[in-house]
Amino acid sequence: MSDDGTKAQRFDLLSSSESGLSYVREKRGGTMRVLTESELADFNDPPPCPQCAEQFGCEHFNCAGEPILGEDDIEASTPPEWLAFAKACGISRGDLDRLKLIEEHDGEYRVAAGADMRTQELALLLNEDR
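Just so it is clear, the model here is predicted, and its values are computed rather than measured.

A. Representation of the sheet that holds strand β2 (residues 22-26) within the structure. The three strands are arranged β1-β2-β3 in an open sheet whose pairing can be described as antiparallel. Edge positions in the sheet fall to β1 (11-16) and β3 (32-35), since each has one partner strand and no second. Each neighbouring strand pair of the sheet contributes to a mean axis angle of 25 degrees, computed without reference to strand direction. In terms of strand pairing, β2 meets β3 through four bridges, oriented antiparallel. When the bridges of β3 are listed, Y23 appears paired with V34.

Right under this line is the structure:
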């Protein structure tokens, strides 16, 4: 097994067989599974958060894998029109650039053509927040 340190964050490795199967227990919920090397690798793409083991966005990293700014950084670097949103939802430095691609039309936030998935997620969060 190539990356036991990362896997240990999400799973307790119970045993491995010579045939390449890994017997694991999820730390959250305790579900036991038998996974192949390929399946086990899928749980690390993208890599989980080193602090909480969430894989697709958490209070430490957004779904783009960027660190969420702390309260002081949010206050210092966020434009006033986005400050309440940034404090409520958390943003990264990359999100500050993404917010420039979001415009309000008839009370709804929309993204410019070709925007990445995180920008689209920000627009959805802004529309939910209304």
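B. Representation of the packing of aromatic side chains. Counted according to the given criterion, the structure contains one aromatic pair. Ring centres 5.9 Å apart and planes at 50 degrees place the aromatic pair W82 and Y109 in the tilted group. Of the two residues, W82 sits in helix α4 (residues 80-89) while Y109 sits in strand β5 (residues 108-111), which places them 27 residues apart along the sequence.

C. Quick look at helix α6 (residues 117-129). Counted at 1.5 Å a residue, the expected span for α6 with its 13 residues is 18 Å, and the 18 Å between its end C-alpha atoms agrees. Those residues of α6 not exposed but buried are R118, T119, L122, A123, L126 and N127. Looking at the buried side of α6, the elements it contacts are α4, α5 (93-98), β4 (102-105) and β5.

D. Region of the structure containing the pairing of β1. Pairing of β1 with β2, which is carried by five bridges, proceeds in the antiparallel orientation. Bridging across to β2, D12 finds its partner in R25. Between β1 and β2, which follow one another and run antiparallel, lie five residues, and G20 among them has a positive phi close to 100 degrees.

E. Broad picture of the environment of E71. Counting through the fold element by element, E71 comes out in helix α3 (residues 71-77). Exposure remark for E71: the relative accessible area of 46% places this residue in the partly exposed category. The spacing of E71 and K87 is 16 residues in sequence and 7.2 Å in space, taken between C-alpha atoms.

F. Examining α4 more closely. All of the buried residues along α4 are W82, F85 and A86. The buried residues of α4 occupy an angular sector of 105 degrees when the element is viewed end-on, so they sit on one face. Residues of α4 that are exposed and angled more than 90 degrees away from the buried face: P80, A84 and A88. Tucked into the core, α4 has its buried residues touching α3, β4, β5 and α6. Following α4 by one or two positions, G90 adopts a phi angle in the positive range, close to 80 degrees.

About the cut-offs
Residues numbered from 1 in each chain as written. Predicted model: local features only at pLDDT ≥ 70, side-chain atom pairs only at ≥ 80, totals over all residues. Heavy atoms only, no water. Pairing = 2+ DSSP bridges. Helix = DSSP H or I, 4+ residues; strand = E, 2+ residues; numbered from the N terminus. Axes fitted to C-alpha atoms, helices over the stretch in contact; angles between N-to-C directions. Phe/Tyr/Trp six-rings, centres within 6.5 Å; stacked < 30°, edge-to-face > 60°. Expected span 1.5 Å × (residues − 1). Buried < 20%, exposed > 50% of the residue type's maximum accessible area, 1.4 Å probe, protein only. Contact = heavy atoms within 4.5 Å. Arc of directions from axis to C-beta.

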